[in-house]
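These are the residues of each chain, in order.
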Amino acid sequence: MDWAGWALFGLVATTALTAALTAAQLAGLTRIDFPLLLGTLVTEDPDRARIVGFFMHLGAGQGFALGYTATFALLHHATWWIGALLGTVHVGIALTVLLPLLPGVHPRIASQRAGPASTAVLEPPGLFALNYGNQTPAVAAVVHIMYGVVLGVLLQPH
Amino acid sequence: MTGRSDTTSPRSPTPISDYGLLGDTRTAALVAGDGAIDWLCVPRFDGEPLFGRLVGGPDAGTYRVGPARPATIVKRHYRRHSATLETTWAVGSSRLTLTEAMIAEVSGRLLPTTLIVRRLSAEEAAVDAVVDFDPRVGVRHRRPRVHHRHQALVCQWGSLAVSLSSSPTLAIEPGRPTLITVRPGQPITLVLAVAHREPLIHVEPAAAWKLLNEDEDRWQAWSAEIDESLPFREHVIRSLLTMRLLTYSPSRAPVAAPTTSLPEDPGGVRNWDYRYVWPRDASIGVSAFLSVGKPDEARGFLAWLLHASRLQRPRLPAVLTLHGRHVPRERELPGWPGYLDSVPVRIGNAAAGQHQLDGYGWVIDAAWTFVQAGQRLYSETWRAVRGFADVVARCWQEPDAGIWEVREPAQHIHSKLMGWLALDRALRIADTHPLPGRQRRRWQETRDAIAAEVRVSGFDPTAASYVRGYGSRDLDAALLVLPLLGMDSADSTRVRGTIDAIRDRLSAGGPLLYRYPPGRDGLPGTEGAFLPCSFWLVQALASTGRRSEAVELFRTMLDLASPLGLYPEEMDPATGAHLGNYPQTLTHAALVQAALAIRDAPL
């Protein structure tokens, strides 16, 4: 395992993913905002949440990078296209499993079943996070594939 | 106890005002006086109609539970401060009562997202009743695949399934009215559960009835929190409950109305889809809920506004879906006969692409109301508000579609006034929030420029009134917001002249007002009186020291509600018939604001 590479390039890849996602938001392509979604687990203020969430997202990205590093080590190969393939699997899991489950544990995301007693104000992501804009699945796919490519290019296979 | 009826008696069109609203804050049903649910979209307000008879004709589905023979309604009301509807018919010497509600609070429990509970009970003697369950889905009114499971009838269309269970068990088949006998002391409870992209969850009728009662307690507790000093409190509570029932809880977005294509002109083409969210309505809701002591609802409205507008910021879309997405392109449903033959029946809304300058004013005013109530805006919220104000400063001279969403853009004075309001309120917020000096100066200069131009080009000295547009002599009832803005003093001759001119020249008889001279909007046909305008007139009168006139007008308006206290968008001045989509959030919000203006007016 390329432990040094994991420690450094995991951060690089997650930062690149976050930057690309922010750019997509600013361009009006999506309203998905991972730092905000994560940060509002601990604070209601969106600006503070984004800062806290950015570091939480870095931590999560580091966790996923561990999986990429282990996969490259098992395959004895680390290429951009294997990284891209892993990124595709990664985004698939994020959109179909992780995000739809988030309302179940997040105190500030309303669920599709929310009723009048709910005080959660963050809208739920919905299927493929489509509630955050029609282009959200495409944007999420692109940034996660980019994340995989960065790791595929920078990590060593052993 | 049960039998089958193979004849379905043809039903004449139910007047709009005969419909009651059932809601769970995710979707809503309209129930006619004969016990027929003729409108219910699933899984959300803007979903597909499961029962669409209201505008889709007999083939579009209905769910009727009521007397088997024509009967007279002796009492129909919502149980006090709740969303539970109770209808009692006289059948001979007996009474048959239908008690029904949708279950709003399903979160955290193994319950279906949409659950309708209906109970028939008889008094004095046994009564024959009928259950006509005929769910259909899609533009072509597809019939379901049917089977029975766990003593429940299950109807399926791909990822959508509904189950109907009852206690005692009834042999119900879709599309075939079932005759039943209801005996005193032996009520019949029916439970309709809907599952969309998830497994069906069956709820025992006894448990469902308990849920209905729990929900009723919750609504009563919710209503008890409303300011006790409000004038006309019972009417205001019904309006607030209606507004809350029409607010989609998962995103806190208020739909304009739960229906599409109820006509503004029966038999005409003015049939629109209102199952979307107008930021303007949401903004009016902010101040309405804040002022009656419901800050959570106000916060929810504002949060939705901010999230929803993010994709297109700093531009503020005129209309959005419940989740802040682009509204589907407007299209017509072929073969749908419409309410009273009013075609086309439309879904989607073409107003989505319009530029409506007034929207910025409503939204920034809502943010200001929030700040006035002692709340501080998050930096992100303030950034969004600054962006909106910048758009106004940049674009206020452009023609727009205005509040009435006319399809040919024009220079609307009301839009300019709301542009003035946007900048004025943004500047007031800036007193407690950071704003660069250059931006402040630009807003001040633009605000003053708008006022100067409107006073010259938007005022008709001969009529002593502001007018609808540059060079126009037409009036516009939306100008009744004038005394609330503060651009001209509330007791100035310009403000008073405008109020009097609108009251006189746009009068549709009694308390009713047209929003502008009928027919002057480029669309064929005419329309009714626009009910929110009458409540705005109440507000304008109360704000300009004419409280007793305001109270008198308000009382008259209360008499025009449906028997259940609900209002549509418009009313036929000649017949008093309700027109347009129903019930209408904007009308109810205007009612609440009018009551608040009366409360705040000096005696």
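Residues numbered from 1 in each chain as written. Chains lettered and ligands numbered in written order. Predicted model: local features only at pLDDT ≥ 70, side-chain atom pairs only at ≥ 80, totals over all residues.

K.L.:
Mind showing me how you'd approach the overall build of chain A here?
P.N.:
When its secondary structure is counted, chain A shows 5 helices and 0 strands. Taken from N to C terminus, the helices and strands of chain A fall in the order α-α-α-α-α. The C-alpha radius of gyration of chain A comes to 16 Å, within 12% of the 15 Å expected for a compact globule of 158 residues. The C-alpha extent of chain A, read off along each of the three principal axes, is 55 × 30 × 25 Å. A buried classification covers 48% of the 158 residues belonging to chain A. Partitioning the contacts of chain A with sequence separation of at least 6, the portion at a separation of at least 24 is 65%. (Helix = DSSP H or I, 4+ residues; strand = E, 2+ residues; numbered from the N terminus. Rg over C-alpha atoms; globule rule 2.2 N^0.38 Å. Buried ≥ 20, exposed ≤ 12 C-beta atoms within 10 Å, placed from the backbone. Contact = placed C-beta atoms within 7 Å.)

K.L.:
Please explain the overall build of chain B as it appears in this structure.
P.N.:
Along the backbone of chain B there are 14 helices and 27 strands. Expressed as a percentage of the 603 residues in chain B, the buried residues total 57%. Sequence separation of at least 24 residues holds for 67% of the intrachain contacts in chain B that already meet a minimum separation of 6.

K.L.:
Can you help me understand the pairing of strand β7 (residues 72-78) of chain B in this one?
P.N.:
Moving residue by residue along a regular strand, the side chains alternate between the two faces of the sheet. As paired elements, β7(B) and strand β8 (residues 85-91) of chain B share 6 bridges and run antiparallel to each other. Counted as the bridge partner of B:His77 is B:Glu86 from β8(B). (Pairing = 2+ DSSP bridges.)

K.L.:
What exactly am I supposed to notice about the sheet that holds strand β13 (residues 152-157) of chain B here?
P.N.:
By definition, the strands of a sheet pair up through backbone hydrogen bonds, in either a parallel or an antiparallel sense. Residues and elements named next belong to chain B. Spatially, the 8 strands line up as an open sheet ordered β7-β8-β9-β10-β16-β14-β13-β12, and their pairing is antiparallel. The strands lining the two open edges of the sheet, one partner per strand, are β7 and β12 (145-149). Each neighbouring strand pair of the sheet contributes to a mean axis angle of 15 degrees, computed without reference to strand direction. Two elements, strand β10 (residues 114-123) and strand β16 (residues 188-196), share 7 bridges in a ladder whose sense is antiparallel. (Axes fitted to C-alpha atoms, helices over the stretch in contact; angles between N-to-C directions.)

K.L.:
Which parts of the structure should I look at to understand the interface of chain B and chain A?
P.N.:
Often, the extent of an interface is quoted as the loss of accessible area upon association of its parts. The interface of chain B with chain A comprises 27 residues on the first partner and 22 residues on the second. Within the residue set of the side of chain B that touches chain A, elements represented by two or more residues are α2 (205-224), α5 (295-308) and α7 (379-395) of chain B. With 5 residues, the single largest contributor to the side of chain B that touches chain A is α5(B). In terms of residue class, the side of chain B that touches chain A is built from 7 nonpolar, 11 polar and 9 charged. (Nonpolar A, V, L, I, M, F, W, Y, C, P; charged D, E, K, R; others polar.)

K.L.:
Is there a simple way to explain the environment of B:Thr88 in this structure?
P.N.:
Residue and element names in this part refer to chain B. Within the secondary structure, Thr88 sits in strand β8. Among the residues examined, Thr88 registers 18 C-beta atoms within 10 Å and is labelled partly exposed. Sequence spacing of Thr88 and Gly33 is 55 residues, and the spatial spacing of their C-alpha atoms is 9.6 Å. Once you skip the residues sitting within four places of it in the chain, Thr88 turns out to touch Val74, Lys75, Arg95 and Thr97.

K.L.:
Any chance you could explain the confidence of the model for chain B here in plain terms?
P.N.:
The predicted coordinates of low-pLDDT regions are not to be read in fine detail. Taken as a whole, chain B shows an average pLDDT of 93; of its residues, 98% reach a score of 70 or greater. Confidence drops under a pLDDT of 50 for residues 4-9 of chain B, and excluding neighbours within four residues, the segment shows 8 contacts in the predicted structure. (pLDDT = per-residue confidence, 0-100.)

K.L.:
Which parts of the structure should I look at to understand the nonpolar core?
P.N.:
Across soluble globular proteins, you tend to see nonpolar side chains buried next to one another. One finds B:Ala477, B:Leu480 and B:Leu513 to be the most contacted residues of the largest nonpolar core, which totals 204 residues. The leading source of residues in this core is helix α14 (residues 585-600) of chain B, at 10 residues. In this structure, B:Ala477 is in contact with B:Ile502, B:Leu506, B:Leu513, B:Tyr514, B:Arg515, B:Tyr516, B:Phe530, B:Cys533 and B:Trp536, ignoring residues within four places of it in sequence. In terms of nonpolar packing, the next biggest core, distinct from the first, is built from 33 residues, A:Trp6, A:Ala13, A:Leu36 and A:Leu37 among them. (Core = buried A, V, L, I, M, F, W, Y, C linked by C-beta atoms within 7 Å.)

K.L.:
What am I meant to see in the packing of helix α4 (residues 279-291) of chain B against helix α6 (residues 358-372) of chain B here?
P.N.:
Packed helix pairs are characterised by how far apart their axes lie and by the angle those axes make with each other. Residue and element names in this part refer to chain B. Look at α4 against α6: their axes get within 8 Å of each other, and the N-to-C directions meet at 20 degrees. Relative to α6, the element α4 lies roughly parallel. Regarding α4 and α6, the two cross each other, and that crossing is left-handed. Between α4, through Pro279, Arg280, Ser283, Ile284, Val286, Ser287 and Leu290, and α6, the contact on the second element is made entirely by Asp358, Gly359, Trp362, Val363, Asp365, Ala366, Thr369 and Phe370. A breakdown of the residues in the contact of α4 with α6 according to their chemical character gives 8 nonpolar, 4 polar and 3 charged. (Parallel < 35°, antiparallel > 145°, perpendicular 65-115°, else oblique. Left-handed = near helix turned anticlockwise from the far one by under 90°.)

K.L.:
Where do I start with unusual backbone geometry in this structure?
P.N.:
Leave glycine aside and you will find that most residues have negative phi; peptide bonds, for their part, are mostly trans. Here B:Ser167 and B:Pro168 are connected by a cis peptide whose omega angle stands at -5 degrees. Position of B:Pro168 relative to the elements: it lies in the loop between β14 (160-167) and β15 (178-182). Cis geometry is found at the peptide bond from B:Val343 to B:Pro344, where omega equals 5 degrees. Relative to the helices and strands, B:Pro344 is located in the loop between β19 (331-332) and β20 (346-347). Positive phi, normally seen in glycine, also occurs at A:Ala129, with a value near 60 degrees. Position of A:Ala129 relative to the elements: it lies in the loop between α4 (80-105) and α5 (136-154). Positive phi values are uncommon outside glycine, yet B:Asp341 reaches one of about 60 degrees. Here B:Asp341 shows up in the loop between β19 and β20.

K.L.:
Help me understand the sheet that holds strand β25 (residues 529-530) of chain B, please; the structure alone is not making it clear to me.
P.N.:
Residues and elements named next belong to chain B. Spatially, the 3 strands line up as an open sheet ordered β25-β26-β27, and their pairing is antiparallel. Each having just a single partner strand, β25 and β27 (578-579) make up the two edges of the open sheet. In this structure, β25 lies alongside strand β26 (residues 570-571), joined through 2 bridges in antiparallel fashion. Paired with Phe530 across the bridge in β26 is Glu570.

K.L.:
Any chance you could explain α7(B) here in plain terms?
P.N.:
In an α-helix, one turn spans 3.6 residues, which is why side chains three or four residues apart end up on the same side. Residue and element names in this part refer to chain B. Helix length check: α7, at 17 residues, gives a terminal C-alpha distance of 24 Å against a target of 24 Å (1.5 Å per residue), a fit within 8%. Listed in full, the buried residues belonging to α7 are Thr381, Trp382, Ala384, Val385, Arg386, Phe388, Ala389, Val392 and Ala393. Buried residues along α7 sit in contact with α5, α6, α8 (413-430) and α9 (437-457). (Expected span 1.5 Å × (residues − 1).)

K.L.:
Teacher, can you tell me more about the packing of α4(A) against α5(A) here?
P.N.:
All names here are of chain A. The geometry of α4 relative to α5 is characterised by a closest axis approach of 7 Å and an angle of 140 degrees between their N-to-C directions. Classed by the angle they form, the pair α4 and α5 counts as oblique. Between α4 and α5 lies a crossing of right-handed hand. Facing α4, whose interface residues are Trp80, Ile82, Gly83, Ala84, Leu86, Gly87, Thr88, His90, Val91, Ala94 and Leu95, α5 presents Pro137, Ala140, Ala141, His144, Ile145, Tyr147, Gly148, Val149, Leu151, Gly152 and Val153. For the contact of α4 with α5, the residue count by class is 15 nonpolar, 7 polar and no charged.

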